[in-house]
Amino acid sequence: IGDFHDGYHVTNAELLRIHTEKVIRIGSELSTKYIYFDEAKYADQSRMVRVDSQHSIFFKGGNNSFSTNLVMTAKHDVHIDANVYANGFVNIIADADCIYNGTVELLNNHYVDSNHNLIHVVAHDMTVHGYFRAGAHAINLETCPGKHVHVGGKNNTSGNQMILHQHELDRLGTVNLT
């Protein structure tokens, strides 16, 4: 989606011609292995942009912006190596089936910004080398059933848990972390 030029490709001009008051859905958890976003811009007034992948979702290259809520679901990983802006809540689910140790990676000082709306992340683990920005709204972090979330400190532990180091915790921009 955007400037990426391999496989099935939707340009920004084509994306901007998609109009709905409901949900625009990109991909399928049953048939779309990888989804790449590179400078994607969606400016319609739909209720939500929903992205579903059988394996992984990638944001790379330039800025990506969505004028509405953004929901991403991958059975494996979500890699964010570009800025992502949504004018609504952002829901990121990696390891949707809780069997692949899926990770959400926010890399290279890039950001996910929800314009003062909820950011909800569900994953086996997270790597935060960028910024989640929810402003006055909450950032919710969850892991799969039977796993643990370890927050703060050096977190030199391993095993069946999501580890959020102190330096990663410092990159969560919210007034309410749950």
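The structure presented is a predicted model; accordingly, all values stated were derived computationally and were not measured.

Thresholds, definitions, all that
Residues numbered from 1 in each chain as written. Predicted model: local features only at pLDDT ≥ 70, side-chain atom pairs only at ≥ 80, totals over all residues. Heavy atoms only, no water. Helix = DSSP H or I, 4+ residues; strand = E, 2+ residues; numbered from the N terminus. Rg over C-alpha atoms; globule rule 2.2 N^0.38 Å. Buried < 20%, exposed > 50% of the residue type's maximum accessible area, 1.4 Å probe, protein only. Contact = heavy atoms within 4.5 Å. Areas by Shrake-Rupley, 256 points an atom, 1.4 Å probe, with all protein chains shown as cover. Lys, Arg positive; Asp, Glu negative; His and termini not counted. Charge placed at Lys NZ, Arg CZ, Asp CG, Glu CD. Phe/Tyr/Trp six-rings, centres within 6.5 Å; stacked < 30°, edge-to-face > 60°. Pairing = 2+ DSSP bridges. Axes fitted to C-alpha atoms, helices over the stretch in contact; angles between N-to-C directions. Salt bridge = Lys/Arg side-chain N within 4 Å of Asp/Glu carboxyl O.

A. Up close: the overall build of the protein. The number of helices and strands found in the protein is 2 helices and 18 strands. Against the compact-globule benchmark of 16 Å for 178 residues, the protein has a radius of gyration of 16 Å, which places it among compact chains. When the backbone C-alpha atoms are referred to their principal axes, the protein occupies close to 50 × 35 × 30 Å. In the protein, buried positions account for 49% of the 178 residues. Long-range pairs, those at least 24 residues apart, make up 41% of the contacts in the protein between residues at least 6 apart in sequence. Accessible surface, the protein: about 8,500 Å² in total, of which carbon and sulfur atoms supply 49%. A distance of 3 Å separates the average location of the 13 positive side-chain charges in the protein from that of its 19 negative side-chain charges.

B. Highlighting the packing of aromatic side chains. Scanning the model with the defined rule gives 5 aromatic pairs in all. On the basis of an interplanar angle of 45 degrees and a centroid distance of 6.4 Å, the ring pair of Tyr34 and Tyr36 is categorised as tilted. The class of Tyr36 is partly exposed, set by a relative accessible area of 25%. Geometrically, the ring pair formed by Phe37 and Phe66 is edge-to-face, given 6.0 Å between the ring centres and 75 degrees between the ring planes. Of this pair, Phe37 sits in strand E2 (residues 34-37) while Phe66 sits in strand E6 (residues 64-66), placing them 29 residues apart in sequence.

C. Here's a closer look at the sheet that holds strand E5 (residues 56-60). Taken together, 5 strands build an open sheet; the order of strands is E2-E5-E8-E11-E14 and the sheet is parallel. What marks the edges here is a single partner per strand, and that holds for E2 and strand E14 (125-128). Strand-to-strand twist in this sheet, taken as the mean axis angle between neighbours without regard to direction, amounts to 5 degrees. In terms of strand pairing, E5 meets strand E8 (residues 78-81) through 4 bridges, oriented parallel. Pairing of Lys60 across the sheet is with Asp81, part of E8.

D. Expanded view of the pattern of salt bridges. Taken as a whole, this structure holds 5 salt bridges when the rule is applied. A salt bridge links Arg25 to Glu29; the shortest N-O distance between them is 2.7 Å. On the basis of relative accessible area, Arg25 is assigned to the partly exposed category, the value being 44%. According to the relative accessible area criterion, Glu29 is partly exposed, its value standing at 28%. Asp113 is the salt-bridge partner of Arg133, the closest N and O atoms lying 3.4 Å from each other. Here Arg133, found in strand E15 (residues 131-142), pairs with Asp113, found in strand E12 (residues 111-113); they are 20 residues apart in sequence, far enough to count as distant. The class of Arg133 is partly exposed, set by a relative accessible area of 36%. For Asp113, a relative accessible area of 16% translates into the label buried. Beyond isolated ion pairs, a larger network of salt bridges with shared partners links Arg25, Glu29, Arg50 and Asp52.

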